[in-house]
Amino acid sequence: MMPIATQNRLLIRMTTPFALIAALLLIVTISVPTRGRSATYPTLGLTTQNDLPVNAIKTIDGYLLVWNRPDLHFTVLIKGKDIKPLNDTEHVFFNVDGMVFQIQLASVSEFAPDAKEKKLDDMAILAAHRDWESKFIEGLLSSKLKVESFNAKLSNGGEASLWQYDMPEGMNAEARKQLYLSVVSGDYVVLLNSVVTTAISEETARKFLLDTMSTLKFSSTPIDVKKLSESIRKSVSP
């Protein structure tokens with residue numbers, strides 16, 4: 001576990017739209033550009049500063065990730081015995097008990113600008129996002145992907161889209177398969193990503209994504225990180 005006292009904050013550079021390739025970049029030693037056009041650069045803080053767009057608060061179970069954008073506020077709990085924020089300048093992602101995990105946002109306007117006019121429901125929006133992302137990844141890998149897609153039911157009753165693909169043959173990568181889980185919230189898609197390796201089974205990765213997404217909680221107002229951190233601290237104090 002990375003001690004908060006020794007690393008006060010981890011700088012994360014965010015770009016929009018987001019290609020879900022951080023796990024690939026970590027495991028396959030290749031250099032791949034992002035496709036961001038209107039870039040922003042928030043900071044993932046391992047402290048409790050209300051002025052940071054993304055904060056990670058230490059809990060008994062792992063980390064509570066707090067995301068405060070001007071138009072979107074939510075928390076999601078990352079559970080694990082050994083969680084390490086990975087030192088990357090492009091994405092927010094972690095190593096959770098040996099499994100690469102990533103969380104990102106994508107604006108619906110980037111891939112379905114006419115969603116409101118066409119009155120697309122959430123699953124149609126998620127399908128459009130899947131097609132948009134997978135097409136971009138095919139370009140990065142110079143390989144056609146066989147994408148499998150499933151409708152998923154979360155333990156909290158919510159609906160999500162689960163899609164995955166095998167890594168192209170001949171690629172020297174530890175990752176065997178990429179898994180993605182996404183939900184719609186307002187004008188955004190929230191995405192979770194993990195990988196299947198020789199050590200991490202598809203069942204394990206899929207369960208982790210589903211369990212993690214089920215902890216997602218949205219707020220209509222900005223989340224007071226300091227207040228929330230203090231509440232968590234009091235709840236676990238003897």
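Keep in mind the model is a prediction, meaning the values are calculated, not measured.

Caption draft 1: Structural view of the layout of surface pockets. Space inside the largest pocket adds up to approximately 220 Å³. Thr59, Ile60, Asp61, Leu64, Thr75, Leu77, Thr215, Lys217, Leu228 and Ile232 together form the lining of the largest pocket.

Caption draft 2: The packing of aromatic side chains, seen in detail. As enumerated under the stated definition, the model contains seven aromatic pairs in all. Taking the centre distance of 6.3 Å and the plane angle of 35° together, the rings of Tyr63 and Phe94 count as tilted. With Tyr63 in strand β4 (residues 62-69) and Phe94 in strand β7 (residues 93-96), the pair connects residues that are 31 residues apart, well separated along the chain. This pair shows no difference in class: Tyr63 is buried, exactly as Phe94 is. Measuring from centroid to centroid gives 5.4 Å for Phe111 and Trp132, while their planes differ by 35°, and the two rings are tilted. Highlighted residues: Phe111 in helix α2 (residues 108-111) and Trp132 in helix α3 (residues 122-141), separated in sequence by 21 residues.

Caption draft 3: Local environment of helix α5 (residues 225-236). Compared with an ideal rise of 1.5 Å per residue, which puts twelve residues at 16 Å, α5 spans 17 Å between its outermost C-alpha atoms and is within 8% of the ideal. Listing the buried residues of α5 in full gives Val225, Ser229 and Ile232. Mapping the buried residues of α5 onto a view down its axis gives an arc of 60°, with all of them on the same face. Turned more than 90 degrees from where α5 packs its buried face, Lys226, Lys227, Lys234 and Ser235 sit exposed. Considering only its buried residues, α5 is in contact with β3 (54-58) and β4.

Caption draft 4: Highlighting the pairing of strand β11 (residues 177-185). When you tally the buried positions in β11, you get nine out of nine residues, the bulk of the element. Of the two faces of β11, the one lined by Lys177, Leu179, Leu181, Val183 and Ser185 and the one lined by Gln178, Tyr180, Ser182 and Val184 are each fully buried. For strand β10 (residues 159-166) and β11, the ladder comprises six bridges, and the chain directions are antiparallel. Paired with Trp163 across the strands is Tyr180, a residue of β11. Two elements, β11 and strand β12 (residues 188-196), share nine bridges in a ladder whose sense is antiparallel. Bridge pairing in β12 links Tyr180 to Asn193. Linking β11 back to β12 in an antiparallel pair, the connection comprises two residues, with Gly186 at a positive phi of about 60°.

Caption draft 5: The arrangement of the side chain of Ser134 in detail. Position of Ser134 among the secondary structure elements: in helix α3. A polar contact of 2.8 Å, which involves the side chain of Ser134, links it to the backbone oxygen of Arg130. For Ser134, the side chain forms a polar contact with the main-chain oxygen of Asp131, separated by 3.2 Å.

Caption draft 6: The sheet that holds β7, seen in detail. Spatially, seven strands are ordered β6-β7-β8-β12-β11-β10-β9 in an open sheet, and the strand pairing comes out antiparallel. Of all the strands in the sheet, just β6 (83-85) and β9 (148-153) have a single pairing partner and so form its edges. Across the sheet, the mean angle separating the axes of adjacent strands is 25° when strand polarity is ignored. Strands β8 (99-107), β9, β10, β11 and β12 of the sheet are contacted by α3, whose axis makes an angle of about 20° with β10. In this fold helix α4 (residues 202-213) packs onto β7, β8, β9, β10, β11 and β12, with an angle of close to 15° to the strand it touches most, β11.

Caption draft 7: Looking closely at the nonpolar core. Membership of the largest hydrophobic core comes to 34 residues, with the highest contact counts inside it found for Leu65, Trp67, Phe74, Phe94, Phe101, Ile103 and Leu181. Those residues within four positions of Phe74 in sequence are excluded, and the remaining contacts are Leu65, Val66, Trp67, Ile103, Leu105, Val190, Leu216, Lys217, Phe218 and Ile223. Of all hydrophobic cores here, the second largest spans twelve residues; its members include Leu86, Leu141, Trp163 and Ala175.

Caption draft 8: Geometry of unusual backbone geometry. Its identity is not glycine, yet Asp97 carries a phi of approximately 55°, on the positive side. With respect to the secondary-structure elements, Asp97 resides in the loop between β7 and β8. Phi at Lys119 is positive, roughly 55°, even though this residue is not glycine. By secondary structure assignment, the location of Lys119 is in the loop between α2 and α3.

What counts, and at which threshold
- Residues numbered from 1 in each chain as written.
- Predicted model: local features only at pLDDT ≥ 70, side-chain atom pairs only at ≥ 80, totals over all residues.
- Heavy atoms only, no water.
- 1 Å grid on protein atoms, 1.4 Å probe; cavity = no way out; pocket = protein on both sides within 12 Å on 5 of 7 lines; lining within 4 Å.
- Points joined across faces, edges and corners; volume = space filled by probe spheres on them.
- Phe/Tyr/Trp six-rings, centres within 6.5 Å; stacked < 30°, edge-to-face > 60°.
- Helix = DSSP H or I, 4+ residues; strand = E, 2+ residues; numbered from the N terminus.
- Buried < 20%, exposed > 50% of the residue type's maximum accessible area, 1.4 Å probe, protein only.
- Expected span 1.5 Å × (residues − 1).
- Arc of directions from axis to C-beta.
- Contact = heavy atoms within 4.5 Å.
- Pairing = 2+ DSSP bridges.
- Polar contact = N/O pair within 3.5 Å; in protein donor to acceptor, adjacent residues only side chain to side chain.
- Axes fitted to C-alpha atoms, helices over the stretch in contact; angles between N-to-C directions.
- Core = buried A, V, L, I, M, F, W, Y, C linked by side-chain atoms within 4.5 Å.

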